Amino acid sequence: MVLPSTPVIDTIIVSDNVCFTEHLTAFLRQSTAFCFRIRVVTDSNDSTLHTYRLLFSHPPLILFAADLTRPESLAVLSALAQSFPGCLMVAIGEMGDLGLLLKYIRIGVRGFIPASLSASAFNEALIKIIGGEAFISTAVTGKIFDYLHHNVELTGKLTHRQQQIVEGIVEGLSYKLIAHKYQISIDTVREHIKNIYKTFRINSKAELITLLKFHYL
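Source: prediction; values computed, not measured. (Residues numbered from 1 in each chain as written. Predicted model: local features only at pLDDT ≥ 70, side-chain atom pairs only at ≥ 80, totals over all residues. Heavy atoms only, no water.)

Between helix H3 (residues 71-83) and helix H4 (residues 98-107), whose axes approach to 10 Å, the crossing angle comes to 10°. With respect to H4, the element H3 is oriented roughly parallel. For the pair H3 and H4, the contacting residues are Ser73, Leu74, Leu77, Ser78 and Ala81 in the first and Leu100, Lys103, Tyr104 and Ile107 in the second. Considering only residue class, the contact of H3 with H4 consists of six nonpolar, two polar and one charged. (Axes fitted to C-alpha atoms, helices over the stretch in contact; angles between N-to-C directions. Helix = DSSP H or I, 4+ residues; strand = E, 2+ residues; numbered from the N terminus. Parallel < 35°, antiparallel > 145°, perpendicular 65-115°, else oblique. Contact = heavy atoms within 4.5 Å. Nonpolar A, V, L, I, M, F, W, Y, C, P; charged D, E, K, R; others polar.)

Now the structure itself:
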């Protein structure tokens, strides 16, 4: 039973999976900790989304259930973050690409809840997020630490100047701009790059960016 003093949480569910949306809506309405005032959007381009801003007295909770491995999902959540400043965004689904996950975090996603999580664990995760904490499943957290450790080892093999040049490459700077930025000659930049390739046993700029993309995101 929901008491009159129960906090009301304006909630937007964004999902094109009708069955999942119905299940999630029913689950949220059973909550005794919060009264979720739910609105469902099946199309992230729905113009109705923008009218919701006028209805909310506080930034809403946005539950986004979609394929998180698609760049389109990142674009949608980024647009939602801009439309609803201060909102709590939660991504529901499986996360494979850790580089993409870090981009989700940068745009403001506060929680990543696997769809396979049990009802009680899902509820606990949601309570933490609403309470101001962040939530990432332990499996994903382990992968993040593995990748960060791997990339710290990689960059530890470079000199300070080589790290600066790598950062310039990842930023998309030309050899000429890198040389100008660090007040060195283009030939010196080329020599450093040749040594960087040799260190990592690679042959191209694309391989270098792929190798270090998680460290420099």
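Picking up where we left off.
Turning to the pattern of salt bridges, a few remarks are in order. This model, assessed by the stated rule, comprises five salt bridges. In this structure, Arg39 and Asp10 form a salt bridge, with 3.6 Å as the shortest nitrogen-oxygen distance. One end of the pair, Arg39, is in strand S2 (residues 35-41); the other, Asp10, is in strand S1 (residues 8-14), with 29 residues separating them in the sequence. Each member of the pair, Arg39 as well as Asp10, is classed as buried. In this structure, a network of salt bridges that share partners links the residues Asp10, Arg37 and Arg39. (Salt bridge = Lys/Arg side-chain N within 4 Å of Asp/Glu carboxyl O. Buried < 20%, exposed > 50% of the residue type's maximum accessible area, 1.4 Å probe, protein only.)

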